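A look at the structure
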Amino acid sequence: MTADNEIDIKEAFQRAQRGHNNKAKLVASLKSRYNKLEDKTLFHEEFVHYLKYAMIVYKREPAVENVIEFVARFAASFQPPPKTEEEEEQQQEEEEDEEDHPFLSFIFNFLLESHKANSHAVRFRVCQLINKLLGSMAENAQIDDDLFDRIHQAMLVRVTDKFPNVRIQAALAMTRLQQPKDPDCPTINAYMLILENDTNAEVRRAVLSCVAMSPQTLPKVLKRTRDIKENVRKLAYQVLADKVHIKALTIAQRVGLLQQGLRDTSEAVREVVCSRLLPAWLLRLDGNVIELLHRLDVENCAETAMDTLKAIFKGTPAEELLQNRDQLDNRKLIPVDSLTCENVLYWRALCELIKAKGDDGDEMLEQVLPDAATYAEYLCGYLKAVPVLSEEQRADFNQLELVMTKEFISQQLIHLIGCLDTNEEGGRKRVLAVLQEMLTLPQTPSSLVSLLTEKLLILIPDDHRRIQTVAEIISDVREPIMEASQPVDENESRRQQVQLAEVKVRILEAKQTLEDCITTQDFSQAAELKNSITNLEDRRNQIIQEIAESNQPADKEIRTEKNDPETLLRCLTMCAELLKQINIKTRIGPTTSALMSSLVLPSIANAHPAVRNMAVVCLGTCTLHSKELAKTHMVLLLQIAQLDEVKIRISALRAVIDLLLLFGFQLLSESASTQAANPIPSPEKQEDDAALAEDKGDVPEDTTQSILVMLSEFLDSEVSDLRTETAEGLAKLMYTGRISSAKMLSRLILLWYNPVTEDDMRLRHCLGVFFQLYARESRVHQEVVEESFLPTVRTLMNAPATSPLAEVDINNVLELLVELTRPSALIKPSANTEEVCVHDYLAVRMCGEMLKDPAAPEVRLYAKTLSNLELSRDETVREDLQTLLQQLTQVVKDRICLRALEKMMHQLVDSKEQAELLRASALQPLDVNADEAATDDPSKSAKRPKRGDAGQRKVGTGRTGRKLSRRAESSEESDGENVPESVPAVRSSRRAKAAALEKAKLDLNTLINQEANVS
């Protein structure tokens, strides 16, 4: 072997730093040298000596990374080659105990002894090397049990390291040490703990990438799909797609994954669900989309199933979609016997997708959907076949489930009406006739009434015709035409029989007399008798006809009003849907007024809760169309909101909020009878909410205040739905400017932080979005937030130990309020530069509070918060603040507070000096050598960072602002959160960039040579 092939350790490390060198050749050359040595100890010591130079560098320099890669490859090269199954069996039979290679054992021992080093760089490199060493071993490689345990224990310690990068490498190093089948595996337990509690997103991602799937770890991975960080959620879906079979998930888990993933706020997460998760599931189901729907239980999650189908169709060519219409017959319909929840939903989704393409999809739509008239007959036949269950049959779960399935299929078929081509008059009229007939039939299920009405109204463009049509249907449903037959009157029948008998006797007598007159030849008398007999016979025929009519009475058609709960609910549902569909500018006409007086208002007093609730919905929707109607019925809605059942109170509350949003609180001043409905607040409430209505102009204060007091009491309700609806309503009123109340905003902030509302996700989400939008909208809103600052803090500080508010982290609340009032957070900053900054007011207020009671516990909170404020450059304000801070330093005794106050004073002084320097430099000519002079002067260079920090405070969350230095120290490049803000600069050329990058690269040769010269 030539001297070129055998290199020494120093040269190997020097060459390894350069990326273009072939690592395999270096490894082979150094291994050849190693194998020739009889005494390996010197080689081991020298090798570790040069390795230490790389291990003390924490930054991910290319040269250092190359060295680490070289060391891992060299150490792994001593591993025996992978054995076949036969060789492994022979080894187990012979029970030969082979020890690990000496170099491999030495390097592992060195690393395990170094993992507790004080330097975080050394700990990071130790974990990185162990990770690379274990990862480069063969799949069936074996190591000594004692070494396994030592590595395991060391890495379990390092996954709790202070530095995220160390935790990441330690977690990756334990990948091959986990035992998923062992329920007490320490690695699995550590992974689950990290996924649940680690604050660094990159650490959670690292664990997600290497954790083994098991019934124990699956719930933790599923929970990461709801992680706060987009990258973690994205990786969680990728892991589930690659490692978890669809059958390993429950129906609820599948639905939850698709529901959250397809509606995620991040485009990247949605893309992963569409391109990775769904194809993986379909691959395991042989590409059968219907089977996938069957595993999602579409009856209970139709919207999620529709989103899933749209995502699948999105990546499927149109020609392939049309090939999957095997279930349609020659009429382009699914046979009634073959209809299932899955295939009808697939049919609907396919038709809606093609319909959304507009004119381009007309030809395709004709291949999957028949003409309107044919489909109308098909729909009518299926709806009429839906059985109506009696009370006894409803107790049978199987029959109930069958009917519910048929109703679900009916809903999807009704939705398909929107895809029909109704431009042709004949087809459109037939569809309208079928919809009207279905709404009129009493056996049509109540669950379909709203949807049928909606589709009917969509086909009728004119509002007046809509009202007329629905009114006629309601009339037919509530007052159906019925045939009524009158019973036969026996007395009348007997009287008619007697009359008939009398007439017959008189006819016989008259005929006998006539014969006698003819015999005696009294012809004049005979003529009179003949006329009398004719009259009697006519009378007899008339009586016989009357008797025949009375024996066969004619049926009469009459209208009978039905007031049973089911009928009223159907009518109110149609009325509510009508009022939603018509234009809000459409005035209330005679037909609508008649519906209100005959149907809606009487139903509000109905004993059945569902009827009352729908009546309140109708009333609230109708009042939006007429201000006069709103003034008339506002009192009634307020009373219902306080007195009825919870569901009905919520409906009334929604109506009240909608009216206030549309018409404003001026509506109350125009109503003469509103005062009678004012709730009687408690004296404490009157005292607390005295300032709630101060910004309402000419609206009477007692009226507005009474409404706000009622809403404030609802915020304290134990019923979570009512509390949530009230908070959402108040948020809307405040955001639109109908209410401007610092006290009410304080109540909402406290409600958001209250542990009682922890499980109310809708409330938390609504208020979380509202606070950000409200504060960023305008400076006026920020002033309201600033006014609510001190009342909120006082409430939290004075909360008794038994109150849930005692558990709230006040520091977190203060950070939120500071962030909401930041001037830089405004969407449209104020153009008036002379306006005093909101944070300036806040600083003065906090200083005033501290001066009132310097020994109060909240003084420390205020002092800490002062340093997070974004103060203006107004000299007057800064001088006033300096004066207040000087007064505070004389009266405050707490050391931590004094330190914070002194820091604040130094910031004010430094920023003032910087402002003077800027003004001076603006008047002087530009000095090219200014930077060099500043560099030469150590005092100036020492001061510059301080002024820069004070003058350019980072805009972000309060928490990030406070902990930025610690995070920058502990996590240099592990987390995407800590990327510094971009600073505008002149764009340099590509050559200059390359030169700068080359200059910035770390070279270990300098250190190695320097150490060699010293020795």
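Residue positions are given per chain, counted from 1 along the sequence in the order it is written. Totals for whole chains, interfaces and linings use every residue, but because this is a predicted model, local features are given only for residues with pLDDT of at least 70 and side-chain atom pairs only at 80 or more, for both listing and counting. With hydrogens and water excluded, all non-hydrogen atoms of the structure serve as input to the side-chain values.

Let us now look at the overall build of the chain. Secondary structure elements follow DSSP: runs of H or I no shorter than four residues count as helices, runs of E no shorter than two count as strands, and numbering proceeds from the N terminus. Check the secondary structure of the chain and you find 51 helices and 2 strands. Note on exposure labels: buried denotes an accessible area under 20% of the residue type's maximum, exposed denotes more than 50%, and partly exposed covers the range between, all computed with a 1.4 Å probe on protein chains only. By residue count, 45% of the 1015 residues in the chain fall in the buried class. A fraction of 73% describes how many contacts in the chain between residues 6 or more apart in sequence connect residues 24 or more apart. Calculation of accessible area relied on Shrake-Rupley with a 1.4 Å probe; when residues are assessed, cover is drawn exclusively from the protein chains displayed. Of the roughly 54,200 Å² of accessible surface on the chain, a fraction of 50% belongs to carbon and sulfur atoms. Two residues form a contact once any of their heavy atoms are found within 4.5 Å.

Residues Y735, V769 and L773 make up a contiguous nonpolar surface patch of roughly 240 Å² in combined accessible area. Tracing the chain through its elements places L773 in helix α39 (residues 761-777). Residues form patches when they are more than 30% accessible in relative terms and have no salt bridge. Like charges link within 9 Å. Nonpolar side chains (Val, Leu, Ile, Met, Phe, Trp, Tyr) link within 5 Å. Whenever Lys or Arg places a side-chain nitrogen within 4 Å of a carboxyl oxygen from Asp or Glu, that contact is recorded as a salt bridge.

All right, on to the pattern of salt bridges then. By the definition in use, this model includes 39 salt bridges. The closest approach of N and O atoms between R762 and E728, which form a salt bridge, is 2.5 Å. Here R762, found in helix α39, pairs with E728, found in helix α37 (residues 720-735); they are 34 residues apart in sequence, far enough to count as distant. Using a relative accessible area of 18% as the deciding quantity, one classes E728 as buried. Residues participating in the shared-partner salt-bridge network are R654, E725, E728, K732 and R762.

So, about helix α29 (residues 565-581). Taking 1.5 Å per residue as the helical rise, α29 with its 17 residues ought to reach 24 Å, and the 24 Å between its terminal C-alpha atoms agrees with that figure. Looking at the buried side of α29, the elements it contacts are α24 (425-440), α25 (449-459), α26 (463-478), α30 (590-604) and α31 (609-623). Here the expected span of a helix is defined as 1.5 Å times the quantity of residues minus one.

Let's shift gears to unusual backbone geometry. Even without being glycine, D286 reaches a positive phi, approximately 60°. Among the structural elements, D286 can be located in the loop between α15 (267-284) and α16 (289-294). Assessed through its relative accessible area of 75%, D286 is described here as exposed.

Note on placement: A173 falls in helix α9 (residues 164-173). Separated by 45 residues in the primary sequence, A173 and Q128 have C-alpha atoms spaced 7.4 Å apart. Setting aside anything within four residues of it in sequence, one finds A173 in contact with C127, I130, N131, L134 and M155.

Moving on: the nonpolar core. The definition of a nonpolar core used throughout is a set of buried Ala, Val, Leu, Ile, Met, Phe, Trp, Tyr and Cys residues joined through side-chain atoms within 4.5 Å. The biggest cluster of nonpolar side chains holds 273 residues, and the ones touching the most others in it are F47, W347, Y375, L413 and L866. Of the residues forming this core, the biggest block, 10 residues, is contributed by helix α33 (residues 646-663). When neighbours within four sequence positions are excluded, Y375 is seen to be in contact with L333, W347, P370, L413, I414, L416, I417 and L420.

Before going further, it helps to spend a moment on the environment of I246. When you line up the elements, I246 lands in the loop between α13 (230-243) and α14 (251-262). Along the primary structure I246 and L292 are separated by 46 residues, whereas in three dimensions their C-alpha atoms are 9.3 Å apart. Residue contacts for I246: discarding those within four places in its chain leaves R254, W281, R284, L285, L292 and R295.

Once that is clear, we can look at helix α44 (residues 858-866). With respect to burial, α44 is a largely interior element, 7 of its 9 residues being buried. Taken residue by residue, α44 has E858, V859, L861, Y862, A863, T865 and L866 as its buried positions.

Attention now goes to the confidence of the model for the chain. The predictor attaches a confidence to each residue, and that confidence, scored 0 to 100, is pLDDT. Per-chain confidence: the chain averages 80 in pLDDT, with 81% of residues scoring 70 or above. Of the regions scoring below 50 in pLDDT, residues 93-97 engages in 1 contact with residues more than four places distant in sequence or in other chains. In the predicted structure, residues 921-988 sits below a pLDDT of 50 and forms 62 contacts with residues beyond four places in sequence or in another chain.

This brings us to the packing of α37 against α39. The axes are straight lines fitted to the C-alpha atoms, using for helices just the contacting stretch, and the angles between their N-to-C directions are given from 0 to 180°. Where α37 contacts α39, the two axes come as close as 10 Å, and the packing angle between them is 10°. When the axis of α37 is compared with that of α39, the two are roughly parallel. Facing T724, E725, A727, E728, A731, M734 and Y735 of α37, the residues of α39 in contact are R762, L763, C766, L767, F770, L773, Y774 and E777. Each angle receives one of four descriptions, namely roughly parallel if under 35 degrees, roughly antiparallel if over 145, roughly perpendicular if within 65 to 115, and oblique otherwise.

Attention shifts here to the packing of aromatic side chains. Stacked, edge-to-face and tilted are the three classes for Phe, Tyr and Trp ring pairs, Trp counted by its six-membered ring, which pair at centre distances within 6.5 Å; planes under 30 degrees apart are stacked, over 60 edge-to-face, the rest tilted. Within this structure, the stated rule accounts for 18 aromatic pairs. Relative to F74, the ring of F47 lies with its centre 5.4 Å away and its plane at 25°, an arrangement referred to as stacked. Residue F47 is located in helix α3 (residues 41-55), and its partner F74 is located in helix α4 (residues 62-76); the two are separated by 27 residues in the primary sequence. F74 shares its class with F47; the two are buried. The structure contains a cluster of three or more aromatic residues connected by ring pairs, namely F13, F43, F47, Y50, Y53, F70 and F74.

Attention shifts here to the environment of A302. Position of A302 among the secondary structure elements: in helix α17 (residues 302-314). Using a relative accessible area of 21% as the deciding quantity, one classes A302 as partly exposed. With 110 residues separating them in the primary sequence, A302 and Q412 have C-alpha atoms 9.5 Å apart.

On to the packing of α4 against helix α7 (residues 120-136), then. In contact at an axis separation of 9 Å, α4 and α7 are set at 45° when each is read in the N-to-C sense. As the angle between them shows, α4 and α7 are arranged oblique. In this structure, α4 crosses over α7, and the sense of that crossing is right-handed. Taking contact as the criterion, the partners of V64, E65, I68, E69, V71, A72, A75 and A76 in α4 are, on α7, R125, Q128, L129, K132, L133 and S136. Nonpolar residues are Ala, Val, Leu, Ile, Met, Phe, Trp, Tyr, Cys and Pro. Charged residues are Asp, Glu, Lys and Arg, and all others, Gly as well, are polar. Considering only residue class, the contact of α4 with α7 consists of 8 nonpolar, 2 polar and 4 charged. Here a crossing is called left-handed whenever its near helix is offset anticlockwise from the far helix by less than a right angle, and right-handed whenever the offset is clockwise.

We now examine the side chain of N754. Within the secondary structure, N754 is located in the loop between α38 (742-753) and α39. The residues contacting N754, other than those within four sequence positions of it, are R764, P804 and L805.

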